Amino acid sequence: MKLEEIDRDNIFKVPESYFDELPVRIQSKISSRKRKFLPDLNWSVVLKVSISLAAILFFVLYLGPQKTQNELSEPENLLAQVSADDVIAYLELEDIWTNDIIAQIDIREADLWQDDEDPLIDELDLDEEQLIDLIDAFKTEKDYL
Amino acid sequence: MEDLEILAKIKDPETKNYGFNLLVRKYQQRIYWLIRKMVIDHDDADDLVQEVFIKIWQKLHLFREDAKFYTWIYRIATNETLNFLRKKRNKYFLPIYDLQGELLQKLISSPQLDGDEVQMKLQKALLKLPDKQRLVFNMKYFDNMKYEEISKITGTSAGGLKASYHHAVKKIEKLLKDD
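Just so it is clear, the structure is predicted and the values come from calculations on it, not from any experiment.

1. Re the overall build of chain B
Helices and strands together make up the secondary structure of chain B, namely nine helices and zero strands. Along chain B, helices and strands appear, N-terminal first, in the series α-α-α-α-α-α-α-α-α. Expressed as a percentage of its 179 residues, the buried residues of chain B come to 48%. Across chain B, every contact between residues at least 6 apart in sequence was considered, and the portion connecting residues at least 24 apart equals 57%. Of the roughly 9,600 Å² of accessible surface on chain B, a fraction of 50% belongs to carbon and sulfur atoms.

2. What to know about the overall build of chain A
On a plain count of helices and strands, chain A comes out with eight helices and zero strands. Listed N to C, the secondary structure of chain A is α-α-α-α-α-α-α-α in terms of helices and strands. Across the 145 residues of chain A, 13% fall into the buried class. A total of about 12,400 Å² of accessible surface is found on chain A, and carbon and sulfur atoms cover 57% of it.

3. A look at the nonpolar core
Ranked by internal contacts, the top residues of the largest apolar core, which has 68 residues, are F20(B), L23(B), I31(B), F53(B), I56(B), F137(B) and I172(B). Here the element with the most residues in this core is helix 2 (residues 16–39) of chain B; it accounts for eleven residues. Lining this core are residues from two domains, each supplying at least three of them: domain 1 (1–93) and domain 2 (116–179) of chain B. With near-sequence residues (within four places) excluded, F20(B) lies in contact with I26(A), Q27(A), I30(A), I10(B), F53(B), I56(B), W57(B) and L60(B).

4. Things to note about the interface of chain B and chain A
Contact residues are listed per partner, giving 37 residues for chain B and 26 residues for chain A. Approximately 3,300 Å² of surface area, both sides summed, lies buried where chain B meets chain A, with 63% of it carried by carbon and sulfur atoms. Where chain B packs against chain A, one counts two salt bridges. Of the charged contacts in the structure, one is a salt bridge between D46(B) and R25(A), with a shortest N-O distance of 2.6 Å. Seen at the junction of chain B and chain A, the total is twelve residue pairs in polar contact (both at pLDDT 80 or more). Mapped by element, the contributors of at least two residues to the side of chain B that touches chain A are helix 2, helix 3 (42–59), helix 6 (117–126), helix 7 (131–142) and helix 9 (158–178) of chain B. By residue number, the principal contributor to the side of chain B that touches chain A is helix 2 of chain B, which donates eleven residues. When the residues that make up the side of chain B that touches chain A are grouped by side-chain class, the tally is 20 nonpolar, ten polar and seven charged.

5. Digging into the side chain of S52(A)
With respect to the helices and strands, S52(A) occurs in helix 2 (residues 43–63). Excluding residues within four positions of it along the chain, S52(A) makes contact with V82(A) and D86(A).

6. Concerning the pattern of salt bridges
Applying the stated criterion across every chain, the model contains eleven salt bridges over all chains. Between E51(B) and R33(A) there is a salt bridge; the shortest N-O distance is 2.6 Å. Note that E51(B) is positioned in helix 3 and R33(A) in helix 1 (residues 18–35), a pairing that runs across two chains. Judged by relative accessible area, E51(B) falls into the partly exposed class, the value being 27%. According to the relative accessible area criterion, R33(A) is partly exposed, its value standing at 36%. Close ionic contact of K88(B) with E102(B) constitutes a salt bridge, the shortest N to O distance being 3.2 Å. Of this pair, K88(B) sits in helix 4 (residues 69–90) while E102(B) sits in helix 5 (residues 99–109), placing them 14 residues apart in sequence. For the pair shown, K88(B) and E102(B) are each scored as buried. Here the residues in one salt-bridge network are D44(B), K88(B), E102(B) and K106(B), joined through shared partners.

7. Points about a nonpolar patch on the surface
Residue and element names in this part refer to chain A. Residues L57, F58, V60, L61 and Y62 make up a contiguous nonpolar surface patch of roughly 530 Å² in combined accessible area. Checked against the element boundaries, V60 lands in helix 2. Overall, the relative accessible area of 34% leaves V60 in the partly exposed class.

8. Concerning helix 9 of chain B
Residue and element names in this part refer to chain B. Counted at 1.5 Å a residue, the expected span for helix 9 with its 21 residues is 30 Å, and the 30 Å between its end C-alpha atoms agrees. Looking only at helix 9, the buried set comprises L161, Y165, A168, V169, I172, E173 and L176. Within helix 9, the buried residues cover an arc of 130° as seen down the axis, which keeps them to one side. Away from its buried face, by an angle of more than 90 degrees, helix 9 presents the exposed residues K174, K177 and D178. Each element contacted by the buried residues of helix 9 is listed here: helix 6, helix 7 and helix 8 (147–154).

Parameters and conventions
- Residues numbered from 1 in each chain as written.
- Chains lettered and ligands numbered in written order.
- Predicted model: local features only at pLDDT ≥ 70, side-chain atom pairs only at ≥ 80, totals over all residues.
- Heavy atoms only, no water.
- Helix = DSSP H or I, 4+ residues; strand = E, 2+ residues; numbered from the N terminus.
- Buried < 20%, exposed > 50% of the residue type's maximum accessible area, 1.4 Å probe, protein only.
- Contact = heavy atoms within 4.5 Å.
- Areas by Shrake-Rupley, 256 points an atom, 1.4 Å probe, with all protein chains shown as cover.
- Core = buried A, V, L, I, M, F, W, Y, C linked by side-chain atoms within 4.5 Å.
- Domains from an automatic or database assignment.
- Buried area = accessible area lost by both parts, 1.4 Å probe.
- Salt bridge = Lys/Arg side-chain N within 4 Å of Asp/Glu carboxyl O.
- Polar contact = N/O pair within 3.5 Å; in protein donor to acceptor, adjacent residues only side chain to side chain.
- Nonpolar A, V, L, I, M, F, W, Y, C, P; charged D, E, K, R; others polar.
- Patch = residues over 30% accessible without salt bridge, like charges linked within 9 Å, V, L, I, M, F, W, Y side chains within 5 Å.
- Expected span 1.5 Å × (residues − 1).
- Arc of directions from axis to C-beta.

Printed below as a string of structure tokens:
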């Protein structure tokens, strides 16, 4: 049998008025996707984070007053109650990026050098007069360069 | 209405939805039938045709106007269809998942078919072709598209398509003869 001998008519059918309704269905699907502005949430993460936050709240409101004022005022103590996994899950959930965290930290230049420089300066053990002599000597040396 | 006029309406924020509606109405049947002949099942074709138009809506800003609009639409539709079939094959992590058998079963049991015995035999024979070859065959044989047009859609050379179609015809005629 040759292909040319076979009728080329479309043998597939669609439900009645399918093509009349399809554009409306497509438009409504597009609209519903536009409305869906929230990303898909991982509900197990949401649950874990919610429990952790509830635990912190409970700690602050009920157990907090029993602690000393010093302990209550330290956020590190509160944060220490939360596991690292929960903190990571929270940061992921809130879509917080490393740069956002860095932007919130008040970093002073002196802090960055503190660990390296302080011991060296301490070891010099210079009094004020010796220090001035040393600076002068450095300035003089620099002038010859 | 010409594609360029429809595109102009879609680009205008005030007529965007109206323009898109015109686009869907103009192409829905061609895209649906292209997909339906590949996936056989109406519900699968319905899901896919909707996804294709949603993708077109989302990617309209990427369309370069030096290309033909219908070629771009067909390319999205063919990619979606071939991906759908590929995913179906890999769904059960079985090396020889019988998609051909599944499509054949749908062809036999579908209530939305209206062909004679010979036409049914042809459809069954077509299912034995590889997906891409079947796609090319459908576009050439049923939709009467030119090789140059199919080439722009599939990214295969016109010469390669001619060879593929000729090979498919020989294979189908042999299958029909043996049946």
